[in-house]
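Next come the chains, spelled out residue by residue.
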Amino acid sequence: NAGVTQTPKFQVLKTGQSMTLQCAQDMNHNSMYWYRQDPGMGLRLIYYSASEGTTDKGEVPNGYNVSRLNKREFSLRLESAAPSQTSVYFCATNGQRLLNTEAFFGQGTRLTVV
Amino acid sequence: RKEVEQDPGPFNVPEGATVAFNCTYSNSASQSFFWYRQDCRKEPKLLMSVYSSGNEDGRFTAQLNRASQYISLLIRDSKLSDSATYLCVVNKYSGAGSYQLTFGKGTKLSVIP
């Protein structure tokens, strides 16, 4: 049982390049999330998807786009990477029960933009 | 005011010590509360949920005060393996079957031999 799988684990981009971070879950959860984590800033929500076919902006959406391809997959795209997007990116998913909304995370993608 | 605020840390404690982390949240509509643990360069993982009546899991005790919008985590008899960053997490219903998790910045704990 893989849980939440992110690819790639590491990436170096040049300023202006584009890339897509992939996330897939096999937990049959409806909700999926993309966070970025920077030193001293904690985890900040970029975008989330409550269910297949819906996406919403989080706290820091500028410079990113997302696609909820199906129930399992939620991708994050950087159209024109900037050094400020150097960060660790985490995908997460959780279920719908009110009292048990534990989030499960992927292992993270460490992105450096030079 | 930040949605979730935690003690700045870091906390450096000797093995066997008792350590307490505090957290406050600003949104009274928040519905669920958690403590997550994050090891260096790893993903966050659930440590424990926090219930209104308080709950305990071995050496870990969590408390919630809804009136004060305050959450705490107590670790007794600290072990070297407890060294990690502890994240206070608040969950609220945001409509359309979706829940938003908001994370505190975390408090780093180092347990020293």
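Here, the structure is the one placed above.
The structure presented is a predicted model; accordingly, all values stated were derived computationally and were not measured.

Draft legend 1. Region of interest: the overall build of chain A. Along its length, chain A carries zero helices and 11 strands. The linear arrangement of helices and strands in chain A, starting from the amino end, is β-β-β-β-β-β-β-β-β-β-β. The globule rule puts the C-alpha radius of gyration for 114 residues at 13 Å, and the 13 Å found for chain A is close to it. Taking the principal axes of the C-alpha coordinates as reference, chain A spans close to 40 × 30 × 25 Å. Every one of the 114 residues in chain A was classed for burial, and the buried ones make up 50%. By sequence separation, contacts in chain A at least 24 residues apart represent 54% of the contacts at least 6 residues apart. Of the accessible surface of chain A, which amounts to about 5300 Å², a share of 49% is contributed by carbon and sulfur atoms. Each charge class in chain A was averaged separately, 11 positive and 8 negative side chains, and the resulting centres sit 4 Å apart.

Draft legend 2. Up close: the interface of chain B and chain A. At the junction of the two partners, chain B supplies 22 residues and chain A supplies 25 residues. Interface area for chain B against chain A, summed over the two sides, is near 2000 Å², with a carbon-plus-sulfur share of 51%. Where chain B touches chain A, the interface holds zero salt bridges. For the interface between chain B and chain A, the tally reads four residue pairs in polar contact (both at pLDDT 80 or more). Those elements that place two or more of their residues in the side of chain B that touches chain A are strand S4 (32-38), strand S9 (84-95) and strand S10 (98-103) of chain B. A total of five residues in the side of chain B that touches chain A trace back to one element, the largest contributor, which is S10(B). Considering only residue class, the side of chain B that touches chain A consists of nine nonpolar, nine polar and four charged.

What counts, and at which threshold
Residues numbered from 1 in each chain as written. Chains lettered and ligands numbered in written order. Predicted model: local features only at pLDDT ≥ 70, side-chain atom pairs only at ≥ 80, totals over all residues. Heavy atoms only, no water. Helix = DSSP H or I, 4+ residues; strand = E, 2+ residues; numbered from the N terminus. Rg over C-alpha atoms; globule rule 2.2 N^0.38 Å. Buried < 20%, exposed > 50% of the residue type's maximum accessible area, 1.4 Å probe, protein only. Contact = heavy atoms within 4.5 Å. Areas by Shrake-Rupley, 256 points an atom, 1.4 Å probe, with all protein chains shown as cover. Lys, Arg positive; Asp, Glu negative; His and termini not counted. Charge placed at Lys NZ, Arg CZ, Asp CG, Glu CD. Buried area = accessible area lost by both parts, 1.4 Å probe. Salt bridge = Lys/Arg side-chain N within 4 Å of Asp/Glu carboxyl O. Polar contact = N/O pair within 3.5 Å; in protein donor to acceptor, adjacent residues only side chain to side chain. Nonpolar A, V, L, I, M, F, W, Y, C, P; charged D, E, K, R; others polar.

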